Amino acid sequence: MTADAARHFYEPRQGHGLPHDPFNAIVGPRPIGWVATVDARGRRNLAPYSFFNAFNYTPPIVGFASIGWKDSVRNVEATGEFVWNLVTRVLAGPMNASCAAVGPEVDEFDLAGLAAAPSRLVKAPRVAASPVSFECRLTQLVQLQGADGQKVPTWLVLGEVVGVHIGTALLKDGIYDTGAAHPILRGGGPADYFEITPEALFRMRRPG
C-alpha cells in the first residue's frame, strides 16, 4: 500500500464524502472568540465565534470571522469596538447559551445569566466571570473571497487590543498560566470541545 493509498483525499468544492466536514476538526482545537459588542443604540450583544485567533504582537491584533452578516459584525461596524472574553470550563454552559439565534433586541448576557462588567476604554462590556478580557478597537473589516475572486458571505473582523484584563490568580510569578484558567477550545464535531489543563503542558525551547 502506498502512502497516498492510506489517505482520504477530496476537493472541498466537490464535497468531502464524509459524515461530517473534517476541516474544522483538522484546524483545531480552535480558540473561541466570545465577543461582546453594543449597537449604535447601546444594546448589548454577546456571541461566540469558533473562527478566532491572535494575529500580531505589536500592536496586539486579534480577529474573528463571522459566516453571515450577524449582529456582532453590524455592531463593530457601527461602533468600531468589541471585547473578547476568555471561555473557561465553568463558563461553557453560558457560552453555549449565548450562541442562540435571537434578534438584536435580545440581550445575550441576560439570556445566558451572565453579569456584565464595564470596560475602561470601549463602550462594550466584559463578561464579569471571565478571567481574561481584551478591549479592542476595529482595525479592518474584510469580506472574504475565494481563489476565483468571488466574494463569500463571511466577514473577518480584526481589532487592536487596547486594554487587557487578567485575573491575578492566573499570574504565577508574573507569568500567565494558561492551564490554570482551564480554557475550552472548539473541536471539529457538531458538539466537540476540548479543555486545556495543567497536565497538558510540555515545554520546548526554540533553537538558537
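None of these values were measured; they are calculated from a predicted model.

(A) Structural context of the overall build of the chain. Each helix and strand counted, the chain has 4 helices and 13 strands in total. Taken over C-alpha atoms, the radius of gyration comes to 19 Å for the chain, in line with the 17 Å a tight globule of 208 residues would show. Across its three principal axes, the chain shows a C-alpha extent of roughly 60 × 45 × 35 Å. With 208 residues in all, the chain has 37% of them scored as buried. About 12600 Å² of surface is accessible on the chain, with carbon and sulfur atoms providing 56% of the total.

(B) Molecular detail of the pattern of salt bridges. Counted under the stated rule, the structure contains 6 salt bridges. Its salt-bridge partner being D39, residue R43 comes within 2.6 Å of it at the nearest N-O pair. The partner of D71 in a salt bridge is R74, with the nearest N and O atoms 2.7 Å apart. Here D71 and its partner R74 are both found in helix α2 (residues 71-79), 3 residues apart, which amounts to about one turn of the helix. When its relative accessible area of 37% is taken as the criterion, R74 is described as partly exposed. A single network of salt bridges, built from pairs that share partners, joins R44, D107 and D110.

(C) How the structure looks around the side chain of S72. Within the element layout of this structure, S72 appears in helix α2. Take S72: its relative accessible area is 1%, and that puts it in the buried class. A distance of 3.0 Å separates a polar atom in the side chain of S72 from a polar atom in the side chain of Y49.

(D) Looking closely at the pairing of strand β2 (residues 44-49). Most of β2 sits out of view: 5 of its 6 residues are buried. Pairing of strand β1 (residues 33-38) with β2, which is carried by 6 bridges, proceeds in the antiparallel orientation. Bridging across to β2, T37 finds its partner in N45. Here β1 hands over to β2 after 5 residues, with G42 in that stretch at a positive phi of 90 degrees.

(E) Spotlight on unusual backbone geometry. A cis amide bond links G28 with the next residue in sequence, P29, at an omega value of 0 degrees. Within the element layout of this structure, P29 appears in the loop between α1 (23-26) and β1. In the segment running from T58 into P59, the intervening peptide bond is cis, with an omega of -5 degrees. Counting through the fold element by element, P59 comes out in the loop between β3 (52-56) and β4 (61-67). In this structure, D173 is a non-glycine residue whose phi angle is positive, near 55 degrees. Tracing the sequence through the fold places D173 in the loop between β10 (171-172) and β11 (175-176). Although it is not a glycine, H182 sits at a positive phi angle of roughly 50 degrees. Looking at where H182 falls in the secondary structure, it is placed in the loop between β11 and β12 (184-186).

(F) Geometry of α2. Here α2 has its buried residues at D71, S72, V73, N75 and V76. Looking at the buried positions of α2, the neighbouring elements they touch are β1, β2, β4, β5 (81-85), β8 (132-145) and β9 (151-166). Looking one or two residues past α2, G80 carries a phi angle of roughly 75 degrees, positive in sign.

(G) Up close: the sheet that holds β9. Pairing is antiparallel in the open sheet, where 7 strands are placed in the order β2-β1-β5-β8-β9-β4-β3. The open sheet has two edge strands, β2 and β3, and neither has a second partner. Averaged over all pairs of adjacent strands, the angle between their axes in this sheet comes to 35 degrees, without regard to strand direction. Where β8 lies against β9, 12 bridges are found, and the strand directions are antiparallel. Residue pairing across strands places R137 opposite E160, the latter belonging to β9.

Definitions and limits used
Residues numbered from 1 in each chain as written. Predicted model: local features only at pLDDT ≥ 70, side-chain atom pairs only at ≥ 80, totals over all residues. Heavy atoms only, no water. Helix = DSSP H or I, 4+ residues; strand = E, 2+ residues; numbered from the N terminus. Rg over C-alpha atoms; globule rule 2.2 N^0.38 Å. Buried < 20%, exposed > 50% of the residue type's maximum accessible area, 1.4 Å probe, protein only. Areas by Shrake-Rupley, 256 points an atom, 1.4 Å probe, with all protein chains shown as cover. Salt bridge = Lys/Arg side-chain N within 4 Å of Asp/Glu carboxyl O. Polar contact = N/O pair within 3.5 Å; in protein donor to acceptor, adjacent residues only side chain to side chain. Pairing = 2+ DSSP bridges. Contact = heavy atoms within 4.5 Å. Axes fitted to C-alpha atoms, helices over the stretch in contact; angles between N-to-C directions.

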